[in-house]
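Coordinate inspection notes
This is what each chain is made of:
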Amino acid sequence: MNVIPFQDLCCPLDGLPLTGDGHSWRCGAGHCYDIARQGYTHLLPVQKKRSRDPGDSKAMVAARRRFLNGGHYRPIATAVSDALLASPAEAAALCCLDAGCGEGYYLRELAARAGDRSLALAGLDISKWAVQAAAKQDRQTRWLVGSNANLPVTTASLDRVLCLFGFPVYDEFARVLKAGGELLLVDAGPNHLRELREIVYPSLKPRGEKPWSAPTGFRSLVGDTVAYSLELTEAQAIADLLAMTPHLYRASAEGRARAAALNTLTVTVEVQLRRLQRLAEGE
């Protein structure tokens, strides 16, 4: 594993490049952003927040950390890492941003599978609790509090962007990717966590395949589907799975109570991996 510091940051206020200055980052206009003692940098200006404490709560982050560190989604992490590392190794480090990194699980798995390949990694999330949790577990990656709508990353500096179960902003992803760079999207498939959804909701609406095409500035590459059966044998793992999904808030109190009464649960995991390549100007 060879993870080097990610340096291609820009000021979220004026877009100027940021330069490391001891325990801070500074732009040419004088804006300064301190590196927290936990090892992350807050690059989400207060005027661009939509709420006082945006993103996942501390409790949701803790649930996700326990669940993912239990290895329950490792087949997804393996497929994601293999897709990101599929291209031939280059002399320079592969620069990768996880846009919506949560507590950093997928970047840690990527680094563990990279072998001798050099990586420059950055993880960004709008939740400060998520980024704090990520920074506590990994001091090599650059961890950032920020928004996908205004990525604090310089233009055309990235080889890969990863967006798992998140909120893609294609214009921003196209801006920060190099020509030929790749965007990897991971979204829930029609049967993802179906058994859990059947428990917490009175009925399920059909979730058929929706037509999908590559957004402007990208071409579609060959994707993949990861599907397997997951057996959970502890009430805590079931509670954590529910807590890290939107179903916790969408379900009724009765539905949540039914889930809370479970000690075992077998669920279907089904996710779709889409690979998109950034087009060069004029393509």
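These notes cover the structure that comes with them.

What counts as what
Residues numbered from 1 in each chain as written. Predicted model: local features only at pLDDT ≥ 70, side-chain atom pairs only at ≥ 80, totals over all residues. Heavy atoms only, no water. Patch = residues over 30% accessible without salt bridge, like charges linked within 9 Å, V, L, I, M, F, W, Y side chains within 5 Å. Areas by Shrake-Rupley, 256 points an atom, 1.4 Å probe, with all protein chains shown as cover. Salt bridge = Lys/Arg side-chain N within 4 Å of Asp/Glu carboxyl O. Lys, Arg positive; Asp, Glu negative; His and termini not counted. Charge placed at Lys NZ, Arg CZ, Asp CG, Glu CD. Buried < 20%, exposed > 50% of the residue type's maximum accessible area, 1.4 Å probe, protein only. Helix = DSSP H or I, 4+ residues; strand = E, 2+ residues; numbered from the N terminus. Contact = heavy atoms within 4.5 Å. Pairing = 2+ DSSP bridges. Axes fitted to C-alpha atoms, helices over the stretch in contact; angles between N-to-C directions. Phe/Tyr/Trp six-rings, centres within 6.5 Å; stacked < 30°, edge-to-face > 60°.

**Some thoughts on a positive patch on the surface**
- Taken together, the side chains of Arg37, Lys58, Arg65 and Lys136 present a region of like positive charge at the surface.
- Among the residues examined, Lys58 registers a relative accessible area of 56% and is labelled exposed.

**Comments concerning the environment of Ala214**
- You can see Ala214 is positioned in the loop between α6 (194–200) and β11 (218–220).
- Exposure remark for Ala214: the relative accessible area of 28% places this residue in the partly exposed category.
- On a C-alpha basis, the gap between Ala214 and Ala257 in space is 40 Å, while along the polypeptide they are 43 residues apart.
- Residues contacting Ala214, with those up to four places away along its chain left out, are Arg219, Ser220 and Leu276.

**A look at the sheet that holds strand β4 (residues 32–34)**
- In space, the 3 strands of this open sheet follow the order β2-β3-β4, with antiparallel pairing throughout. Looking along the sheet, the strands with just one partner apiece sit at the ends: β2 (19–21) and β4. Sheet twist, expressed as the average angle between the axes of neighbouring strands with direction ignored, equals 30°.
- Sheet analysis places strand β3 (residues 24–26) next to β4, joined by 3 bridges and oriented antiparallel. By the bridge assignment for β4, Ser24 is matched with Asp34.

**With respect to the packing of aromatic side chains**
- Following the criterion strictly, the structure yields 2 aromatic pairs and no others.
- Ring geometry for Phe67 and Tyr73: centres 5.3 Å apart, planes at 85°, overall edge-to-face. Grouping residues by exposure puts Phe67 and Tyr73 together as buried.
- Between Tyr105 and Tyr106, the ring centres sit 5.1 Å apart and the planes meet at 80°, which makes this aromatic pair edge-to-face.
- Classification of Tyr105 by relative accessible area gives buried; the value is 2%.
- Overall, the relative accessible area of 9% leaves Tyr106 in the buried class.

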